[in-house]
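Next come the chains, spelled out residue by residue.
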Protein chains: 2
Amino acid sequence: MDYEQRVRSIINHLVPVDASAEIESAPVASVDNSILQGLNKVSKWDKEELRDYLEGAPQGKVIKQKIIDIVSKDPIFLPKYNMNVAEWRELTVQRAIKIIQSGVISLAEFNRDPMKYLISMETLNLVDPSLSVKLGVHFSLFGNAVLNLGTEKHHLKYIKDIDTWKLPGCFGMTELGHGSNVQGIETTATYDKTTQEFIINTPSDSAQKFWIGNAALHGQACSVFAQLYIDNVHYGVHVFVVPIRNPDGTTAENVRIMDNGHKLGLQGVDNGRLWFDNKRIPRDNLLNKFGDVEKDGTYVTSIPSKNKRFGSMVAPLVGGRVLISASALNVSKMALMIATRYAYSRKQFGSKGNETPIIEYLTHQRRLFPMIASIVALSFPINHLKQIYCEPNKTSQNVKDVHVWSSGLKAVASWTKTNILQLTRECCGGQGFSSFNQIALFKSDLEIDMTYEGDNHVLLQQVSRNLLVELQKGRYNLVSANHGSNIFDYDFQIQTLKWRESNLVSTLSSKIMAQLDQGRSLEQGWNSCLDTITLLGKAFVDRITLEYLQIGIKKASASLRSVLELCRNLYFSWRVNEDLGYFLCHDGLSHSTAQKIQDSINALCQDMLPIALDLVNSFNIPESFIHAPIAKPDYMSEFRYGLERKY
Amino acid sequence: MDYEQRVRSIINHLVPVDASAEIESAPVASVDNSILQGLNKVSKWDKEELRDYLEGAPQGKVIKQKIIDIVSKDPIFLPKYNMNVAEWRELTVQRAIKIIQSGVISLAEFNRDPMKYLISMETLNLVDPSLSVKLGVHFSLFGNAVLNLGTEKHHLKYIKDIDTWKLPGCFGMTELGHGSNVQGIETTATYDKTTQEFIINTPSDSAQKFWIGNAALHGQACSVFAQLYIDNVHYGVHVFVVPIRNPDGTTAENVRIMDNGHKLGLQGVDNGRLWFDNKRIPRDNLLNKFGDVEKDGTYVTSIPSKNKRFGSMVAPLVGGRVLISASALNVSKMALMIATRYAYSRKQFGSKGNETPIIEYLTHQRRLFPMIASIVALSFPINHLKQIYCEPNKTSQNVKDVHVWSSGLKAVASWTKTNILQLTRECCGGQGFSSFNQIALFKSDLEIDMTYEGDNHVLLQQVSRNLLVELQKGRYNLVSANHGSNIFDYDFQIQTLKWRESNLVSTLSSKIMAQLDQGRSLEQGWNSCLDTITLLGKAFVDRITLEYLQIGIKKASASLRSVLELCRNLYFSWRVNEDLGYFLCHDGLSHSTAQKIQDSINALCQDMLPIALDLVNSFNIPESFIHAPIAKPDYMSEFRYGLERKY
């Protein structure tokens, strides 16, 4: 091959070039690879055992099987994509009704067995995100508001009808003018003691309720967030059950509805916009668990602080973030299963008759394998979050942990999933663009995960704010950098990630102090540090991910341990490599260790190559949900002439 | 505010913590900010002047205006999204026919005025990517093959019918089994001298033509890539005009067609799959510019090497990469205009009645501003690429430059655009998810840009391969690192980027040598370096981008210079910051300079804040194409009750 000979001659040409003295020797030659190789040989494991272990909750398998049974026996759940908005919505509501009729999801059980609810919903999300979002709006948002912001009278009146879809519900929080800042909403609820009614009103176009799921077509009641006024005194945001449609489907009196129209994804969800024209509702329609209005207009509450009361009213929303985190994990696993299987069977280039499977290309490995490792790693903190969220008798520490963890993990898991969908789409080439191969739908539908249930950047601020308070209260242990070089040692790894988090939190503290000292407001100081705040929130999630993965490794059987350790090493190297500038600029790693970590990624990919296919096939994703032809053992035959895929 | 006081007390709490000695002082305090501030004050500029300057080609404005006129006077071009696949395709073909009837695009002009073709197509892409892709398949691929692989007999026979859409065409290159590796395709063309016909055959399901635009519905002829055999001798890939449908729309004899079905985007393009069953076509249907078969079966060619002949046959495809680069630039500009305008008018949080425009949040600035700067920067090398591509009498250096630049810029521009669409989608929150705000459609439709016309990772290998050959031939100047610290000085900046490129190319060379010395094949050696190869390709594009931006700055009027310089500085800092680990690990920057570059990003964002809105409004994007309600001056009023947006 003449090109080979030409390249061989490069070395001779290098010498006469003037600047050649500047050239470093090639890193691959200069690094002691013996440390990197051979450490991560993985012993065989039982796929079923790993599947159960990644599932986390012991009841998960049974719950998933129930959903699989329901979905498998009814062709309505088969993939279908080629529809306009009206058809999408009709299919979605029919699917939702089927699920509701099966009894597998109910509000009655929502508080009693939240784990069952979570696992059912994250499994349905794999079938059709529009379906799970439509059900989620009805149960997790509207129903949850009735259940956890209402009292017995509401439970008696509504729960049965919610559980049967007799009363399809919406959740009226977001307005055109106010999304992240819920306390800024403009809709008013004014108490009229003469009739013992609340008057719900939309004072401006910016106050219209916006993006309200189920509002455009099916919703009959809406849990409306509004500013409560009694005798011109403002009591802050409260939640009211407001009828928006009559049982015959016509719009309720003094309500106006418009459609949010076509979207990037989730076409099956009928998002709409609502205006209230001094609409009167009975006093009983106030969800009065945290604040009530007596007949004569006396306001009563167990939580005198407006801010704390508001906090209690939005606290039930945390469940949405837990669900997004868990769903992101599932969808990522499914996309990685599809792309990895294809990568092992798809061949391109190489010698004729013996073409090269594309997984053998380093560019492919470096895109897929760190993601596989990351998703294995993230399974552990997310499973832990699900457990503490489902804990029936939460301590106040539990409540705080759920808030912080769900904020951080929702942000990181949704971004990681978006990144995985992007990479897997590209790794599958043109096939990734076909709806048949399933990555496309998730990519469109789940794009909104970064925004709803709390914008990711806003959520990371919740994480960092908490760490700053911990530091201020003297409860945060600052950690020094580990200047060792044993990069596959857990103690080195965790200290390195702890050092970064701790360095960021103390930097943040000093920066804000410096701003305050210069006479700027806390808000200004906080805003000038938003880059550090974002980094800190992500660093926290990296750290708890490594910690909880390690707890999982310690508890795992001997046969699972080596594959989980390989994932840990690759996850660690990849995360650190992504942020190497920070570690080096702030002396968190020596140059030689940084170099070693960089080089370890290729070596760890080599270790992954023989096992990655088995690893994704050990993911806890129902095989019957994988319709993608490219994920089938003989994908070429899935494209034979005459085999129609109409969906 | 009690929280403020609590934060103030952090400083007191810091001292007693054990590890506090380890804490570095906050970077914001430790860096000499005086260097960073005040340098980038931007003087006023004329928006029209900048618009023309970013356009590059002097005729661009006139060509764009022609498209604007056609599109504005016909409601068929108004946005419409809510359609099933059949409706999408019907609308798209009707739009395509309107454009063709206007005469603005024609194959007759394709070679004569390629700049007009390019600018027309990149402008149409802003109206509807399905439209430009459908036209592109017909003109740039099918028509271009006839024009530049065929000879006079083909021109006489086909060009008129192509220009009138009487003969809608497809481009039959990709097969199910072979995408990137075109030389591996399996379709055969066997010459039968007894009848003077070629027999086109699909020998297996993996040989089916796949993803063929216009094939599912409208195409009548297809330029089919097939392996030529004469008397059992193989002559390599050749291109043949094969009828696939009769003028009445029925499928041609011995052809089978299937539909590729629903996709992530580009629903308006009817991609299909083709099988040929020993279909006979006249000898004249071989596009015979580079290789011909005489009546008696004698093969004649001016290019004896099979590989070189293949290179000539695929060379015309380079235009697609130029077009994707230019289109990516336009779409990025439009998305940035929409998101930036919204960011300056959208308010959230802050004090009541005086809420904070979201552009004032650093998280928002750090997402949008480096992207604005990058797109300004990329305008210059892409405009240069368009110019050298359109050069009528190309030198062999021109041809090589067009190949290398179009490969590198297509990859980087399409990834940058994808990144920008992602960031702008997120920056617009829920509004970014609405199709009305235009980012959604681009996000779905243009996702395939990374894959078609050459997979981005494969294209970057073309760039790196060229640099390696230059090095081997002694024509590559290796550059040493600049250890200065004047980060806003162009000489420092360009040397820093040149150093990285040069360090990567020499590293690559040594690594491959080391592999060969260990007895591995060149293929194995190349694959083991694909990470370095990818980095090198990107580093090359960063370097030429900075260089051509600087050429643009030097030629610019004094009034444009300061805004372009600010863009250059931000582009440089952002690119280096993204890869800081590399610079530090390989001693390309000192720690203090690296730190300064990191810190400069916030400072440069501050400099951008007063001008970014004017800057995006100076982008060369037709205002009449911006339908997004959130990009309008008073976006709230765009959502008033009763204002229907049916599309």
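Here is what the cut-offs are and how they apply
- Residues numbered from 1 in each chain as written.
- Chains lettered and ligands numbered in written order.
- Predicted model: local features only at pLDDT ≥ 70, side-chain atom pairs only at ≥ 80, totals over all residues.
- Heavy atoms only, no water.
- Helix = DSSP H or I, 4+ residues; strand = E, 2+ residues; numbered from the N terminus.
- Buried < 20%, exposed > 50% of the residue type's maximum accessible area, 1.4 Å probe, protein only.
- Contact = heavy atoms within 4.5 Å.
- Buried area = accessible area lost by both parts, 1.4 Å probe.
- Salt bridge = Lys/Arg side-chain N within 4 Å of Asp/Glu carboxyl O.
- Polar contact = N/O pair within 3.5 Å; in protein donor to acceptor, adjacent residues only side chain to side chain.
- Nonpolar A, V, L, I, M, F, W, Y, C, P; charged D, E, K, R; others polar.
- Disulfide = S-S within 2.5 Å.
- Least-squares fit on C-alpha atoms with pLDDT ≥ 70 in both.
- Core = buried A, V, L, I, M, F, W, Y, C linked by side-chain atoms within 4.5 Å.
- Axes fitted to C-alpha atoms, helices over the stretch in contact; angles between N-to-C directions.
- Parallel < 35°, antiparallel > 145°, perpendicular 65-115°, else oblique.
- Left-handed = near helix turned anticlockwise from the far one by under 90°.
- Phe/Tyr/Trp six-rings, centres within 6.5 Å; stacked < 30°, edge-to-face > 60°.
- Lys NZ or Arg CZ within 6 Å of the ring centre and 35° of its normal.
- Domains from an automatic or database assignment.

What follows is about unusual backbone geometry. All names here are of chain A. For tryptophan 165, which is not a glycine, the phi torsion comes out positive at approximately 65°. Within the element layout of this structure, tryptophan 165 appears in the loop between α11 (152–163) and β1 (169–172). In this structure tryptophan 165 comes out as buried when scored by relative accessible area, which is 12%.

With 128 residues of chain A at the interface, the matching set in chain B holds 128 residues. Across the interface of chain A and chain B, roughly 11,500 Å² is buried in total on both sides, 60% from carbon and sulfur atoms. Inspection of the region where chain A meets chain B yields six salt bridges. Remark: the boundary between chain A and chain B carries 51 residue pairs in polar contact (both at pLDDT 80 or more). Element by element, the count of residues in the side of chain A that touches chain B is highest for helix α19 (residues 490–517) of chain A, at 10 residues. Considering only residue class, the side of chain A that touches chain B consists of 55 nonpolar, 45 polar and 28 charged.

Residues and elements named next belong to chain B. Under the definition given, this model contains zero disulfides over all chains. Free cysteine: cysteine 170, not disulfide-bonded; nearest cysteine sulfur from cysteine 222 at 4.8 Å. What makes cysteine 170 buried here is its relative accessible area of 0%. With no disulfide partner, cysteine 428 has as its closest neighbouring cysteine sulfur the one in cysteine 427, 6.8 Å distant. You can call cysteine 428 buried: its relative accessible area is 3%.

Take the relation of the copies chain A and chain B next. Structural alignment of chain A on chain B gives an RMSD of 0.0 Å, achieved by rotating through 180° and translating 0.0 Å along the axis. Read as a symmetry element, the transformation amounts to a two-fold axis. When each C-alpha of chain A is compared by its distance to the rotation axis, A:Gly581 comes out closest, at 2.1 Å. A shared binding surface is used by both copies, with 100% of the interface residues of chain A retained as interface residues in chain B.

The subject of this paragraph is the nonpolar core. Grouped together as the largest cluster of nonpolar side chains are 375 residues, with contacts concentrated most on A:Leu135, A:Met608, B:Leu135, B:Phe369 and B:Met608. Apart from residues no more than four positions distant in its own chain, B:Phe369 is found in contact with B:Tyr344, B:Ile359, B:Leu570, B:Cys605, B:Met608, B:Leu609 and B:Ala612.

Another aspect to go through is the packing of helix α13 (residues 318–345) of chain A against helix α15 (residues 396–427) of chain A. Residue and element names in this part refer to chain A. Put simply, α13 and α15 touch, their axes get as near as 8 Å, and they point 25° apart. The angle between the axes of α13 and α15 places the two elements in the roughly parallel class. Considering the relative orientation of α13 and α15, their crossing is left-handed. The residues of α15 that touch α13, namely those facing Val318, Arg321, Val322, Ile324, Ser325, Ala328, Val331, Ser332, Ala335, Leu336 and Ala339, are Val402, His403, Ser406, Ser407, Leu409, Lys410, Ala413, Ser414, Lys417, Ile420, Leu421 and Thr424. Of the residues assigned to the contact of α13 with α15, the class counts are 13 nonpolar, seven polar and three charged.

Ring pairs (aromatic) are described by centroid distance and by the angle formed between their planes. For the coordinates displayed, the defined rule picks out 28 aromatic pairs over all chains. Plain terms: the ring middles of A:Phe110 and A:Tyr117 are 4.7 Å apart, the flat faces sit at 70° to each other, and that makes the pair edge-to-face. For A:Tyr117, a relative accessible area of 7% gives the class buried. Taken together, the ring pairs connect A:Tyr191, A:Phe198 and A:Phe240 into an aromatic cluster. The ring of A:Phe619 carries A:Lys333 above its face, with NZ or CZ at 5.9 Å from the centroid. Above the ring of B:Tyr389, the side-chain terminus of B:Lys394 is found at 5.5 Å from the ring centroid.

Frequently, the measure chosen for interface size is the accessible area removed from exposure when the parts meet. All names here are of chain A. Domain parsing of chain A yields domain 1 (47–163) and domain 2 (169–306). A C-alpha centroid distance of 25 Å is found between domain 1 and domain 2. For the pairing of domain 1 and domain 2, the buried interface totals around 2,300 Å² over both sides, and the portion due to carbon and sulfur atoms is 62%. Of all residues in domain 1, Arg89, Phe142 and Leu149 give up the largest surface area on contact with domain 2, accounting jointly for 31% of the area buried on that side. Inspection of the region where domain 1 meets domain 2 yields three salt bridges. Here lysine 153 makes a salt bridge to aspartate 284, at a shortest N to O gap of 2.7 Å. The tally of links between domain 1 and domain 2 comes to 12 residue pairs in polar contact (both at pLDDT 80 or more). The biggest single contributor to the side of domain 1 that touches domain 2 is helix α10 (residues 129–149), with 12 residues. By residue class, the composition of the side of domain 1 that touches domain 2 is 12 nonpolar, seven polar and four charged.

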